[in-house]
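Descriptive structure summary
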Amino acid sequence: MPFTTRPELRGSFGAVASTHWLASAAGMAVLERGGNAFDAAVAAGFTLQVVEPHLNGPGGDLPAVFWPASVGRPVVLCAQGVAPAAATIDRMRALGHDLVPGTGPLAACVPGAFGGWLLLLQEFGTWRLEDALAFAIGYAESGYPVAAGITYTIQHVESLLREWPASAELYLPAPRPGTTFRNRRLAATWKRLLEESRGGSREVEIERARRVFYEGFVAQEIEAFSRENGGLLTGDDMREWDATLEEPATFDYRGLTVCKTGAWGQGPVGLQQLALLCGFDVADMSEEELMHVVTECAKLAFADRDALYGDSQPVPLDALLSAAYNDERRALVDDAASAELRPGMGRLPRHHAPDDTVPLGVGEPTRGDTVHVDVADRFGNLFSATPSGGWLQSSPVIPSLGWPLGTRAQMFWLEEGLPSSLEPRTRPRTTLSPGLVLRGGEPWLAYGTPGGDQQEQWALHVLLRHVDRGLNLQEAIDAPDFHTQHLIDSFYPRGFTPNRLLVEERAGDEVVRGLEARGHDVTVTPPWSLGRVSAVKREDGQIVAAANPRGMQGYAVAR
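What comes next concerns the included structure. (Residues numbered from 1 in each chain as written. Predicted model: local features only at pLDDT ≥ 70, side-chain atom pairs only at ≥ 80, totals over all residues. Heavy atoms only, no water.)

Quick word on the sheet that holds strand S16 (residues 482-484)
Condition: Here a strand pair is declared whenever DSSP counts at least two bridges between the two strands. Strands here mean DSSP runs of E at least two residues long; helices mean DSSP runs of H or I at least four residues long; both are numbered from the N terminus. For every element, the axis is a line fit to its C-alpha atoms; helices are fit only across the contacting stretch, and the angle between N-to-C directions ranges from 0 to 180 degrees.
Strand order across the open sheet formed by three strands is S16-S17-S18, with mixed pairing between neighbours. What marks the edges here is a single partner per strand, and that holds for S16 and strand S18 (521-525). On average, each strand axis in the sheet is inclined to that of its neighbour by 20 degrees, with strand direction left out of account. Two elements, S16 and strand S17 (residues 500-504), share three bridges in a ladder whose sense is antiparallel. Looking at the pairing, His483 lines up with Leu502 of S17.

Below, the structure written as structure tokens:
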């Protein structure tokens, strides 16, 4: 039996896999108490906001793709907040910016995560909001053990946090790993919101809570803080936004249907890679050839992402996923690494060469992290979400609320005429990319990972190793990972590192030498450093789950 860092879990009742053990435990507790996958996901999602505040928060955003048994088809939840009405290219340039800043209130979009979790609970869940929020409130009020990543992040940006009084009061000095940390102001915010929402049916309370957040005291505090600190977000922006339910973008691969968000996220870039790879015998490749071919296909797909994805113009996904287009693009892949950035259509943003010195707090934390949660229940529901944004190190804590706004507007371009150009009330093109796979038209696999621009590489590699190469879920997650940086960085300062390929040391010297001989600029990373994929699936009457050992936080629970 091959060694894995933990067992591939199997059961028949339910499973939760996430990037933090406390969130997985909270979700499983909900399933054990009769809740369904959506109740469990909401409880886990709010818990993640508390226990991983450097990776997501109430000021962030939420995409999900899932199979509700009551509907019998895949559904996408878009809880990606839009740019403020006052956020224009001219306004940003008048303030002296060539790029939207990576930190501070000026980069804030409407906080979407709260509205998204509430829409999910209202439409597909069974629990009251008070019960679903109880886990998060408990950890915020009574405390939770600090993960090492929180300590590292706070120490890294300590000088920046000292400029933000409420952030400094809450997070400095940096709590030591393993010690108990509390955010009582956040707990008080949720308790006040619940109190102002109380009364009536479950659905009525959820809708009232949504209004309290987007029209009541939360929105009022956000507007006042934004105005006082140079932001553009207003109460009108909050009030006029709603989370939405959408159809997924899909591609059929090896008899499976892979479901992703639309091109307001980067999910379709995973579909484009599959459309290219279906012309290769992935199962029969050596590790070196696998890494080379997958990387070269990724370069082509991400070039299209950088030229074509966004919310300001229609995105031609049908053409990008067509057989004719991918036959043409696949012919560009040969035995040598390409140093070109080659979109098949559209126009790339003007190249931006960032300064050598990058300000503290910018970009996505720890160079590409967020959170992820997957859930399967005994009722036939399957769920995948990748919440992110609202990071403690990227924007100041709002004193009255206990959490910061997000900085997702940094993913817009201040250049006219691009699908991802900044326009008022449009969605930034994010990197967030949960995944759902159908087999025979039925829900089979939910999967995903944190990782910024790496999300649709790390998650794709697990899918390929599981589907094409026959590894079980845990083996696929444990396998040595890799990713290319041959793409335009989605985060400030929007750099581009041609031909850079990062490979975990466990891949071995022979593989690295072979890749270098093909022309890749290889950086060997520590043995367990790339990827944080988790997954759950339904197969042969069982529920299967696996989680990532990297970072020593992710955990799956199943029975």
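The discussion continues.
A closer look at the sheet that holds strand S4 (residues 75-79)
Strands in a sheet are paired, the pairing made by backbone hydrogen bonds, and the direction either parallel or antiparallel. For clarity, the cut-off: Contacts between residues were defined by any pair of non-hydrogen atoms, one from each residue, lying within 4.5 Å.
With antiparallel pairing, seven strands are arranged side by side in an open sheet as S7-S4-S3-S11-S10-S2-S21. Both outer strands of the open sheet, strand S7 (244-246) and strand S21 (555-558), are each paired with one neighbouring strand and no more. Across the sheet, the mean angle separating the axes of adjacent strands is 15 degrees when strand polarity is ignored. Bridge count for strand S2 (residues 15-18) against strand S10 (residues 373-376) is four bridges, and the pairing is antiparallel. Within S10, the position partnered with Ala17 by the bridge is Asp374. On the sheet, helix H2 (residues 37-51) packs against strand S3 (62-67), S10 and strand S11 (382-385) and is oriented at approximately 160 degrees with respect to S10.

Digging into helix H6 (residues 148-156)
Convention followed: Summary of the burial criterion: residues with accessible area below 20% of their type's maximum are buried, those above 50% are exposed, and those between are partly exposed, where the area comes from a 1.4 Å probe applied to protein chains only. The arc in question is the one traced by the directions running from the helix axis out to the C-beta atoms.
When we look at burial in H6, the residues that qualify are Ile150, Thr151, Thr153 and Ile154. Relative to the axis of H6, the buried residues are bounded by an arc of 165 degrees and lie together on one face.

Quick look at the environment of Gln313
The test is simple: What qualifies as a polar contact is a pair of N or O atoms within 3.5 Å, subject to a donor-acceptor requirement within protein and to the restriction that residues adjacent in sequence count only when both atoms come from side chains.
Secondary-structure assignment places Gln313 in the loop between helix H14 (287-308) and helix H15 (317-320). Through-space distance from the C-alpha of Gln313 to that of Gly417 is 8.6 Å; in sequence the pair is 104 residues apart. Sequence-distant contacts of Gln313, that is, excluding residues within four places in its chain, are made with Gly417, Leu418 and Pro419. Engagement of the side chain of Gln313 in a polar contact is seen with the backbone oxygen of Gly417, the distance being 2.8 Å.

What to know about the pattern of salt bridges
A side chain with one charge can pair with a side chain of the opposite charge if their charged atoms come near. The following threshold applies: For salt bridges, the criterion is a side-chain nitrogen of Lys or Arg within 4 Å of an Asp or Glu carboxyl oxygen.
On inspection of all chains with the given rule, the structure shows 39 salt bridges. Notably, a salt bridge pairs Arg192 with Glu196, separated by 2.8 Å at the nearest N-O pair. Taken together, the residues Arg192 and Glu196, both in helix H9 (residues 184-197) and four residues apart, mark about one turn of the helix. Judged by its relative accessible area of 41%, Arg192 falls in the partly exposed class. Here Arg518 makes a salt bridge to Glu288, at a shortest N to O gap of 2.7 Å. Here Arg518 is found in the loop between helix H20 (509-517) and S18, whereas its partner Glu288 is found in helix H14, with 230 residues between them in sequence.

A few points about unusual backbone geometry
Cis geometry marks the peptide bond from Leu172 to Pro173; its omega dihedral reads -5 degrees. Of note, Pro173 is situated in the loop between helix H8 (165-171) and strand S6 (180-181). For the bond from Tyr492 to Pro493, the omega torsion is 10 degrees, close enough to zero to count as cis. Here Pro493 shows up in the loop between S16 and S17. A positive phi is found at Arg425, a non-glycine position, where the angle reads about 60 degrees. One can find Arg425 in the loop between strand S13 (403-404) and strand S14 (435-439).

A look at the pairing of S17
Rules: Handedness of a crossover: with both strands directed away from the viewer, a clockwise path from the first strand across the helix to the second marks it as right-handed.
Burial analysis of S17 places four of its five residues in the buried class, the great majority of the element. Handedness of the β-α-β unit built from S17, H20 and S18 comes out right-handed.

Observations concerning the side chain of Ser421
Relative to the elements of secondary structure, Ser421 occurs in the loop between S13 and S14. Overall, Ser421 belongs to the buried group, its relative accessible area being 2%. Reaching out from Ser421, the side chain makes a polar contact with the backbone nitrogen of Gly417 at a distance of 3.5 Å.

Considering the nonpolar core
Quick reminder of the rule: Throughout, nonpolar core names a set of buried Ala, Val, Leu, Ile, Met, Phe, Trp, Tyr and Cys residues whose side chains join them through atoms within 4.5 Å.
In this structure, Phe46, Trp117, Leu120, Leu129, Leu193 and Phe383 are the most contacted members of the largest nonpolar core, which totals 89 residues. Top element by residues in this core is H2. It accounts for eleven residues. Once residues lying within four places of it in the same chain are set aside, the contact partners of Trp117 are Ala41, Val42, Gly45, Phe46, Gln49, Leu62, Val373, Phe383, Ala385 and Pro387. Among the nonpolar cores identified, the runner-up in size contains 60 residues, and Leu256, Leu460, Leu464 and Val522 belong to it.

Comments concerning the environment of Pro177
Summarising the element assignment, Pro177 is placed in the loop between H8 and S6. Its relative accessible area of 47% is what places Pro177 among the partly exposed residues. Setting aside anything within four residues of it in sequence, one finds Pro177 in contact with Val146, Ala148 and Thr151.

What to know about the packing of aromatic side chains
Put simply, the rule reads: We call Phe, Tyr and Trp rings a pair once their centres come within 6.5 Å, taking the six-membered ring for Trp, and we label the pair stacked below 30 degrees between planes, edge-to-face above 60, and tilted otherwise. Two conditions define a charge located above a ring, namely a distance within 6 Å from the ring centre to NZ of Lys or CZ of Arg, and an angle within 35 degrees of the ring normal.
For the structure shown, the criterion picks out 17 aromatic pairs. Note on Phe66 and Phe383: the rings are 5.8 Å apart at their centroids and 35 degrees apart in plane angle, and the pair reads as tilted. One end of the pair, Phe66, is in strand S3; the other, Phe383, is in strand S11, and 317 residues separate them in sequence. Measuring from ring centre to ring centre gives 6.3 Å for Trp391 and Phe491, while their planes differ by 55 degrees; the resulting arrangement is tilted. Within this pair, whereas Trp391 is found in the loop between S11 and strand S12 (397-398), its partner Phe491 is found in the loop between S16 and S17, the two being separated by 100 residues in sequence. Three or more aromatic residues link up through ring pairs in this structure, and these residues are Phe38, Phe46, Phe66, Phe114, Trp117, Phe124, Trp190, Phe213, Tyr214, Trp241, Phe383 and Trp403. When the ring centre of Phe217 is taken as origin, the NZ or CZ atom of Arg192, which lies over that ring, is 3.8 Å away. It is Arg559 that lies over the ring of Phe13; its NZ or CZ is 3.9 Å from the centre.

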